[in-house]
Amino acid sequence: MAKDKPTSTSSNGRLSVLKTYKMYVGGAFPRTESGRSYSPAPAGKPIANMCLGSRKDVRNAIVAARAAQPSWAGRTAYNRCQILYRIGEMLEGRSAQFVAEMELMGLSSAAAKKEVEASIDRLVYYAGWCDKYQQVFSSVNPVASSHFNFSVLEPGGVVFLVANEESPLLGIVSLLAPIIASGNTCVMLASESRPLSAITLGEVLQTSDVPGGVANFITGKLDEVAEHFAKHLDVNHVAFDRDDKETLVSIQKNSVGNLKRVRAYSCDWSDVDSQGPWLIHDFCEVKTTWHPIEKISESGSGY
Amino acid sequence: MNQATKTNWDLAPAPESTSHVSIKESYGLFINGKFVESSGEEKFASINPANEEQLSEITEATEADVDKAVKAARNAYNKTWSKLSPAQRGKYLFRIARLLQERARELAVLESLDGGKPIRESRDVDIPLAAAHFFYYAGWADKLEYAFPGRKVAPYGVAGQVIPWNFPLLMAAWKIAPALATGNCVVIKPAESTSLTMLKLAEIFQQAELPPGVVNIVTGHGAVGSAIINHKDVDKVAFTGSTRVGKMIQESIAGSGKGCTLELGGKAANIIFEDASLDQAVEGVINAIYFNQGHVCCAGSRLFVQESVRDIVLRKLKHRMKSLIVGDPLDKNTDIGAINSAKQLETINGYIDIGKEEGATFYQPVCELPSKGFWCAPTLFTDVAQSNRIAQEEIFGPVLAVQTFRTVAEVIQKANNTPYGLSAGVWTDKGSKIFNMTSQMRAGIVWANTFNKFDPTSPFGGYKESGFGREGGMHGLAAYLK
C-alpha cells in the first residue's frame, strides 16, 4: 500500500489523522450549513463523510462567485494566464496526494497518475490561452459606413458547473480552466461518487493566487440542488457534464427564468482533442461596439 | 423691433407612388418552390396600418402544412442543397442579393404599405440592408473553414425560423442568408401582420431558380411558429421576437437537442455626458427611439442625461420633437409612420397611461394625426424613476423615458439594471470615458456617439434576457453550424 495513502493506520501502527472534507466557498472551507453528510463508497468501501450540500450552500456559493466576478474579469489577461499556470504548478507539487486520493476512490494507480498529469497539462494549456483567445475570436468589422466597429468576447458572468462522475479531477479541470480563463467565476458540484479530489483541488486553488470566490466547490447530490441553481437568477451559464438526460432536460426547463445558456458536454477529457479555445468561447458573450470615424471628404469607411 | 414675418415651413406632400407594386388578392403558402393552397380553409386579412384598408388575404397554415414544408426542406437538403458545392450555394445567394437590389423600389413601397414604416426608412435602410446581408453571406459559403479555426463544422440540416413584424424583409434576410450560406434548408414564418414582402421574396427565389424546397414559407399566427419550432424534424430554431415567447421556446425545445438562437427584447440605455456634443447627441437620441416608430428591439428607450446638462438637453429634445412629421408612411417627408397594428397601439397607449399614473411627466409635441389608421405621436416622459414600469419594460413604441445621473458609477449601475442586455448608447467627447463605458455596459451592441447602426459584417445579439447567439458577421455563421 502506498505510504501516503490516508488509511487508518500506517505500517508502524501509528493511528493516522483522517482528513475532514469540507466544501470550498469564497476562498474558505465551510461545512454545509445543513449539517448533513453522505458517505460515497465508489469502490465498495466508504471513503469519507462528505458534506451533503443544500440549497442554501448553493446560494452562498453563487453569492461568493458573483462578488468575485467583476474584479476577476477586471484583471489583465496576462495575470489570469499566470494564475492558471500557478494552479498547474501547485497541482504538480501535490500530485502524489491526488494520486493517493484517486486510488482511494477506486482508480487504478496508473489511471490516477495519468489523470493527474493530464490535469496539470490542461491547466498549462489554458494558461496559454488566456491572452490569446480574444485575438482568435475578435474582429474588426468592415461596415459600409464611416464607423469603426469591433467585436470582442466578454465573460458571461457566473457559471454553474456540474462535474462528471467518472473523471474526478480531469473532468473538473477541463471545464473549470476554460470557464475562468476569460474572467467568469464558477460554482461546481463535484462528482457525487468521487468527490475527494474536488475539495483537495480547492486547497490547490486557495494556494495558487486564485482570488476567493472565483472557483467554489459544493459536494452533494445533483437531484437535490439542480432545480435551485437552474432557477437562480444570478447564474448566467450552466455547464453540464453528466450522463443524466432527465436532469439535463429539467435544468434546461428551469433555466428559462433568466435565459441561462446551458451547455452539455459528453467528452472523453483524456483525449487532447477535447481541449480547445471554443470551450472558452462557450462561456462568453460577443460585444460589438460602434463609433463614428471622422471622414470629411466622403461617407466611406476607414476599416 | 419688427415682428418676424410668419413663414410657413411645412413641407409639401411628396408621396411615393404605389403603381409599381402588384399585390395579389390572396396568397397561399410557399412550399417546395411553389405557391400552394393550405390543407385548411382559414385566411386572414393583411391590412395597411396607415388607413386600415385590406391589402391582401393571407393563409393561416395548418400543422399539416408545416409538416409538408419541413418535409420539403428535408428533401431539398438531402437531395440537392447538401450536394451542391459551397461556391454554387454562394452563387444562388449572390443572385438573390442582386434581385433584391433590382426590385428595391417595389419592395420598399410594399414594406411601407404593409408595415406602416416611413418610405424613407424602408427605401434607405430595410431593403438595402436586406440585399447587403445576402451579398455578405453569399461570400462566406465557400470560405467557412476560415471562420472557425480548429473546428470541422457541418450544417444542422433543416432550420426553423420565426421572425417579427418590425423589419419584415430585413429579418428574413438576417435569418435566411446565413442559413443557406452554411448549407441548411429553411422553413420560415413571417409575422401575421407583415407577410407580404416575405411572399414577394418567394417570387424572387423562383426568379433566382433557387432549388425547390430550400426555403419554404408558411404564414399564420403564433401556433404556426410553435408547430415549426416543435417539429421533430427541425434541427435548429432561430427566433426573433419577445422575451416572453423566447422563454417559452427555450422551455419547449429542452431535451430536443435542437440548436437555438434567440433575439429577444431590449430596453437600451442611451447615456449623455455633459461633455458630449449635445446637438449630435439629441439627434442620436431622436434616431434611437423614434426610428421605425420605436418598433425596434434595440431602440434607445431609456435616456440618462447627466444632471448638469439636463435642462438644455430636454429643451433641445423637445424642440427637435416638434419638427418630427408623423403621417403617411409613403410620404418621403414622413419621420414617424403608422403603428404596426391596432393591438400594438393599444399596448403603447397602455404604457403611456401607466407612465402618467406612475407620476412621470408626460410630453408630446402638438401634432395632427390622421383620422384613420394607427398612430402615436412621439412621446417623452421626464421625472422617471428607476422602478417605473416605463423604465423597466419594453414598450416597442415611440416612448422615451428620461432619467438623470451624476457620476459614471451611478449611470453604469442604473443602465445595467434591467433584465435586458441588447444594446446601449454612450455620448461623450472623451475617448477614455467611451472605452470605460462601452466595456462596462452589459449589452451585445454598444453604440458610442452613434445609435441604431446595422451592417451585415457586424454581429448583433443580446446579453442576459435579450437572448443568446449572434446574427451578422462571422459570429452569425456559428448559429447555423454544428
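From a predicted model like this one, the values you see are computed outputs, not experimental measurements.

A. Focus on the UniProt feature "active site" (unreviewed entry) in chain B. Residues and elements named next belong to chain B. Within the UniProt annotation, "active site" (unreviewed entry) is assigned to Glu263. Relative to the helices and strands, Glu263 resides in strand S10 (residues 259-263). Take Glu263: its relative accessible area is 3%, and that puts it in the buried class. Discounting chain neighbours no more than four positions away, the residues touching Glu263 are Phe239, Thr240, Gly241, Leu422, Phe460, Gly461, Gly462, Ser466, Gly469, Arg470 and Glu471.

B. Molecular detail of the layout of surface pockets. Residues and elements named next belong to chain B. The computed volume of the second largest pocket comes to approximately 1,500 Å³. Forming the walls of the second largest pocket are 48 residues, and the residues nearest its centre are Trp165, Ser242, Arg244, Val245 and Lys343. Those elements giving two or more residues to the lining of the second largest pocket turn out to be strand S4 (43-47), helix H8 (222-230), strand S9 (236-240), helix H9 (243-252) and helix H12 (342-357). Looking at the lining of the second largest pocket element by element, the count peaks at 6 residues for H9. Split by domain, the lining of the second largest pocket shows at least three residues from each of two domains, domain 1 (26-264 + 466-479) and domain 2 (269-448).

C. Representation of the environment of Leu259 of chain A. Among the secondary structure elements, Leu259 of chain A is positioned in the loop between helix H9 (245-254) and strand S9 (261-264). According to the relative accessible area criterion, Leu259 of chain A is buried, its value standing at 0%. Distance in space between the C-alpha atoms of Leu259 of chain A and Tyr78 of chain A is 31 Å, their sequence separation being 181 residues. If we ignore the near neighbours within four places in the chain, the residues touching Leu259 of chain A are Thr243, Lys247, Gln250, Leu262, Leu264, Lys464, Glu465, Gly467 and Phe468 of chain B.

D. Structural detail: the packing of helix H2 (residues 77-93) of chain A against helix H4 (residues 109-129) of chain A. Residue and element names in this part refer to chain A. Interhelical geometry of H2 versus H4 gives an angle of 165° and a closest axis separation of 8 Å. With respect to H4, the axis of H2 lies roughly antiparallel. When the axes of H2 and H4 are compared, the crossing they make is left-handed. Contacts from Cys81, Leu84, Tyr85, Ile87, Gly88, Leu91 and Glu92 of H2 reach H4 at Ser119, Ile120, Leu123, Val124, Tyr126 and Ala127. Residues belonging to the contact of H2 with H4 are distributed by class as follows: 10 nonpolar, 2 polar and 1 charged.

E. Representation of the interface of chain B and chain A. In this complex, chain B contributes 42 residues to the contact, which on the side of chain A involves 36 residues. At the boundary of chain B with chain A, total buried surface from both sides reaches about 3,100 Å², with 55% on carbon and sulfur atoms. Taken as a group, Gln250, Tyr463 and His475 of chain B account for 16% of the area that chain B buries against chain A, more than any other trio of residues on that side. Remark: the boundary between chain B and chain A carries 1 salt bridge. With 5 residues, the top contributor of residues to the side of chain B that touches chain A is helix H15 (residues 431-440) of chain B. Broken down by class, the residue content of the side of chain B that touches chain A amounts to 19 nonpolar, 14 polar and 9 charged. Relative to strand S18 (residues 445-448) of chain B, strand S10 (residues 284-292) of chain A is paired through 3 bridges, and the arrangement is parallel. Counted as the bridge partner of Thr289 of chain A is Val446 of chain B from S18 of chain B.

F. Structural view of the UniProt feature "domain: Aldehyde dehydrogenase" (unreviewed entry) in chain A. Sites flagged by UniProt as "domain: Aldehyde dehydrogenase" (unreviewed entry) map to residues 36-262 of chain A. Across residues 36-262 of chain A, helical content stands at 51% and strand content at 15%; the span's end C-alpha atoms are separated by 29 Å.

G. Here's a closer look at unusual backbone geometry. All names here are of chain B. Positioned with a positive phi, Glu209 is a non-glycine residue whose angle comes to about 60°. Along the chain, the position of Glu209 falls in the loop between helix H7 (196-207) and strand S8 (215-217). Positioned with a positive phi, Lys464 is a non-glycine residue whose angle comes to about 50°. Of note, Lys464 is situated in strand S19 (residues 463-464).

H. Fine view of the pattern of salt bridges. All told, the structure shown has 39 salt bridges over all chains when counted by the stated rule. When the shortest N-O distance is used, the salt bridge between Arg86 of chain A and Glu89 of chain A registers 3.0 Å. A residue pair is termed a helical-turn pair when its members lie 3 or 4 positions apart in one helix, as Arg86 of chain A and Glu89 of chain A do in helix H2 at 3 residues. The exposure class assigned to Glu89 of chain A is partly exposed, which follows from its relative accessible area of 36%. Note that Glu465 of chain B and Lys247 of chain B form a salt bridge whose closest N and O atoms lie 2.8 Å from each other. Taken together, the positions of Glu465 of chain B in the loop between S19 and strand S20 (467-468) and Lys247 of chain B in helix H9 put the pair 218 residues apart, joining distant regions of the chain. Across this residue pair, the class does not change: Glu465 of chain B and Lys247 of chain B are buried. Via salt bridges that share partners, Lys19, Arg94, Glu101 and Glu203 of chain A belong to a single interconnected network.

I. How the structure looks around H8 of chain B. Along H8 of chain B, the positions that sit buried rather than exposed are Val224, Gly225, Ala227, Ile228 and Ile229 of chain B. The secondary structure elements touched by the buried residues of H8 of chain B are helix H1 (63-79), strand S6 (158-162), strand S7 (185-189), S9 and H9 of chain B.

J. Up close: the UniProt feature "domain: Aldehyde dehydrogenase" (unreviewed entry) in chain B. Under the feature "domain: Aldehyde dehydrogenase" (unreviewed entry), the UniProt entry names residues 35-481 of chain B. Helix makes up 41% of residues 35-481 of chain B and strand 17%, with an end-to-end C-alpha separation of 29 Å.

K. Here's a closer look at the sheet that holds strand S1 (residues 26-27) of chain B. Residues and elements named next belong to chain B. As summarised here, the arrangement of the 3 strands in space is S1-S5-S4, forming an open sheet in which the pairing is mixed. Of all the strands in the sheet, the pair left with one neighbour each is S1 and S4. Alignment of S1 against strand S5 (residues 54-59), held across 2 bridges, turns out to be parallel. Bridge pairing links Ser26 to Glu57 in S5. The strands touched by H7 within the sheet are S1, S4 and S5, with S5 carrying the most contacts at an inclination of about 70°.

L. Molecular detail of the pairing of S10 of chain B. All names here are of chain B. Burial runs high along S10: 5 of the 5 residues are buried. Here S10 shows two buried faces, one formed by Gly259, Thr261 and Glu263 and the other by Cys260 and Leu262. Following the chain from S9 across H9 to the adjacent parallel S10, one finds a crossover that is right-handed. Pairing analysis gives 2 bridges linking S10 to S20, with the strands arranged antiparallel. Paired with Leu262 across the strands is Phe468, a residue of S20.

Cut-off values and rules
- Along each chain, residue indices are assigned from 1 in the same order as the chain's sequence is written.
- Each chain gets a letter, beginning with A, and each ligand a number, beginning with 1, in the order they are written.
- Totals for whole chains, interfaces and linings use all residues, but because this is a predicted model, local features are given only for residues with pLDDT of at least 70 and pairs of side-chain atoms are given and counted only at 80 or more.
- To get the side-chain values, take all heavy atoms of the structure and skip hydrogens and water.
- UniProt positions are given in the numbering used here, feature names are shortened, and annotations may be inferred rather than shown by experiment.
- Counting from the N terminus, the helices are the DSSP runs of H or I reaching at least four residues and the strands are the DSSP runs of E reaching at least two.
- Accessible area is worked out with a 1.4 Å probe on protein chains only. A residue is then buried under 20% of its type maximum, exposed over 50%, and partly exposed in between.
- Whether two residues touch is decided by their heavy atoms; if any such pair falls within 4.5 Å, the residues are in contact.
- Buried and open spaces are told apart on a 1 Å grid over the protein atoms alone, a cavity being a set of points where a 1.4 Å probe fits but cannot get out and a pocket being an open set with protein on both sides within 12 Å along at least five of seven lines. Residues with an atom within 4 Å of a point are the lining residues.
- Grid points are joined across faces, edges and corners, and a volume is the space filled by probe spheres set on the points.
- These domain limits were set by an automatic method or by a database of domain assignments.
- Axis lines are fitted through C-alpha atoms, for helices just across the contact stretch, and the angle between N-to-C directions can take any value from 0 to 180 degrees.
- Put simply, angles under 35 degrees are roughly parallel, angles over 145 are roughly antiparallel, angles from 65 to 115 are roughly perpendicular, and the rest are oblique.
- Rotating anticlockwise by less than a right angle from the far helix to the near helix defines a left-handed crossing, while the corresponding clockwise rotation defines a right-handed one.
- Think of it as three bins: nonpolar holds Ala, Val, Leu, Ile, Met, Phe, Trp, Tyr, Cys and Pro, charged holds Asp, Glu, Lys and Arg, and polar takes everything else, Gly as well.
- Summed over both partners, the accessible area lost on bringing two parts together, with a 1.4 Å probe, is the buried area.
- Between Lys or Arg on one side and Asp or Glu on the other, a salt bridge is scored when a side-chain nitrogen of the former is within 4 Å of a carboxyl oxygen of the latter.
- Strands qualify as paired when DSSP identifies two bridges or more between them.
- Handedness of a crossover: with both strands directed away from the viewer, a clockwise path from the first strand across the helix to the second marks it as right-handed.

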